[in-house]
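# Architecture and fold: a report
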Amino acid sequence: MSDLFHDAVPLMFIKKVFAVMRDTPQHSYQILTKRAERLVAVADRLNWPTNVWMGVSVENANFVCRIDYLRRTPAAIKFLSLEPLLGPLNRLDLRDIDWVIVGGESGPGARPINAEWVRDIRDRCVEDRIPFHFKQWGGVNKKKTGRILDGRTWDELPKTVTANGQTALSS
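All of these numbers come straight from a predicted model, not from anything done at the bench. (Residues numbered from 1 in each chain as written. Predicted model: local features only at pLDDT ≥ 70, side-chain atom pairs only at ≥ 80, totals over all residues. Heavy atoms only, no water.)

### Quick notes on the sheet that holds strand 3 (residues 77-82)
For sheets, the rule is that strands pair by backbone hydrogen bonds, running either parallel or antiparallel. For the record, the criterion: Whether two strands pair comes down to DSSP finding at least two bridges between them. Strands here are runs of E lasting at least two residues and helices are runs of H or I lasting at least four, both read from the DSSP assignment and numbered beginning at the N terminus. Under this scheme, a helix contributes an axis fitted over its contacting stretch, all axes are lines through C-alpha atoms, and angles between N-to-C directions fall in the 0 to 180 degree range.
Reading across the sheet, the five strands line up as 1-2-3-4-5 and stay open at both edges, with parallel pairing between neighbours. Each edge of the open sheet is held by one strand with a lone partner, namely strand 1 (29-33) and strand 5 (132-136). For this sheet, the mean angle separating the axes of adjacent strands, direction not counted, is 20°. Where strand 1 and strand 2 (residues 52-57) come together, five bridges link them in parallel fashion. In the sheet register, Leu32 faces strand 2, and the bridge partner there is Gly55.

### Comments concerning the pairing of strand 4 (residues 99-103)
Rule in force here: Whether a residue is buried, partly exposed or exposed follows from its accessible area with a 1.4 Å probe, protein chains only, as a fraction of its type maximum: under 20%, in between, or over 50%, in that order. For the handedness criterion, the strands are oriented away from the viewer, and a crossover whose path from the first strand over the helix to the second runs clockwise is classed as right-handed.
In terms of burial, strand 4 is a largely internal element, five of the five residues being buried. Two strands pair when backbone bridges link them, and strand 3 and strand 4 are joined in this way by four bridges, in the parallel orientation. Across the sheet, residue Phe79 finds its bridge partner in strand 4, namely Trp99. With four bridges connecting them, strand 4 and strand 5 associate as parallel partners. Note that in strand 5 the partner of Val100 across the bridge is Phe132. At this point the chain moves from strand 4, through helix 4 (residues 115-128), to the parallel strand 5, and the crossover so formed is right-handed.

### Some words on helix 1 (residues 11-23)
Which entries qualify depends on this criterion: Here a helix's expected span is defined as the number of its residues, less one, multiplied by 1.5 Å. By construction, the arc corresponds to the directions joining the helix axis to the C-beta atoms. In this description, contact between two residues means that some pair of their heavy atoms is separated by no more than 4.5 Å.
Between its first and last C-alpha, helix 1 extends 18 Å over 13 residues, near the 18 Å set by a 1.5 Å rise per residue. For helix 1, every residue scored as buried is listed here: Leu11, Ile14, Phe18 and Met21. Seen from one end, helix 1 has its buried residues packed into an arc of 80°, which puts them on one side. Opposite the buried face of helix 1, by more than 90 degrees, sit the exposed residues Met12, Lys16, Val20 and Asp23. Packing partners of the buried residues in helix 1 comprise strand 1, helix 2 (36-43) and strand 2.

Encoded structure:
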């Protein structure tokens, strides 16, 4: 796994990746970065096809600034990966966000996730009609903790714009 917007990744390589995504409109591509500043620095030099979903990782309140950078991109679908969620995200601004994913940390030494943090985000998404996906509670044994939140799974996906300009639900 890598970050396409890492400083060591040349702009020409990023442009080649975008060209491949543009040439394969039958696929939806999800790009996730923690390098939101670099994302914005090069965004206007990229040809953004509608099948590119751009997301930023936000693990706690110290990194919500990444969301503002994401908003400044011309991505057709903008999403948040709030995982591993390591703290509350009070007053999270979801303006211009198309999808939210939340999940806990997993593996040895996993830090716990608080159900109220997840519910707060879910409730904001429901209120703002933003698709919400709860990935997992995490923990040392993520299969044991599962992904049920308040009696159900949350597997919502954003609406996408197809190559011919039509709106469709993601599958």
